[in-house]
Amino acid sequence: MGRILDRAHEIAEESFIAASGPGGQNVNKVATAVQLRFNIYALGLPPRVFHRLKDIAGNKLSQSGDIVIDARSHRTQDANRRDARERMAAMIEEAIKEPKKRAKTRVNRLNKKKRLASKKAHGEKKAMRGKIDL
């Protein structure tokens, strides 16, 4: 996992843009927001991890395979840069984690009978609510 994160940090490109929100005059003068982009094809991920990352990225993924992360919640470039890199790392770590396989549950015969009887009774009750033919 560390190798993939190191590779992501190497290929990530940062650009600084003007942010909106709190900060007063500073917001107008300094480009504090960070736009971090990295290409998922350049990471060299195994197919299953690659597809999970694509799903996790959602609308942050561009047509060319770049994931774009905007960080603008802090007032300093450094804090926004750290935030963007942490979000990138969290996204990749989540994709690397293998999802738990669902264990099938099995209903015993008595409970199955009870459930079907309950459904039947509920259906009959609803059937009685219809219009009466005269």
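Residues numbered from 1 in each chain as written. Predicted model: local features only at pLDDT ≥ 70, side-chain atom pairs only at ≥ 80, totals over all residues. Heavy atoms only, no water.

In the annotation of an unreviewed UniProt entry, the protein chain is listed under the name Alternative ribosome rescue aminoacyl-tRNA hydrolase ArfB and assigned to Erythrobacter westpacificensis.

Burial runs high along strand β3 (residues 66-71): five of the six residues are buried. Where strand β2 (residues 33-39) lies against β3, six bridges are found, and the strand directions are antiparallel. Counted as the bridge partner of Q35 is D70 from β3. (Buried < 20%, exposed > 50% of the residue type's maximum accessible area, 1.4 Å probe, protein only. Helix = DSSP H or I, 4+ residues; strand = E, 2+ residues; numbered from the N terminus. Pairing = 2+ DSSP bridges.)

A separate point is the nonpolar core. The biggest cluster of nonpolar side chains holds 24 residues, and the ones touching the most others in it are F38, L43, L53, I67, I69, M88 and I92. Looking at this core, the elements that each hand over two or more residues are α1 (2-11), β2, α3 (47-57), β3 and α4 (77-96). Sort the elements by how many residues they give to this core and α4 lands first, with six residues. Sequence-distant contacts of I69, defined by excluding residues within four places in its chain, comprise V34, Q35, L36, F38, A84, R87, M88 and M91. (Core = buried A, V, L, I, M, F, W, Y, C linked by side-chain atoms within 4.5 Å. Contact = heavy atoms within 4.5 Å.)

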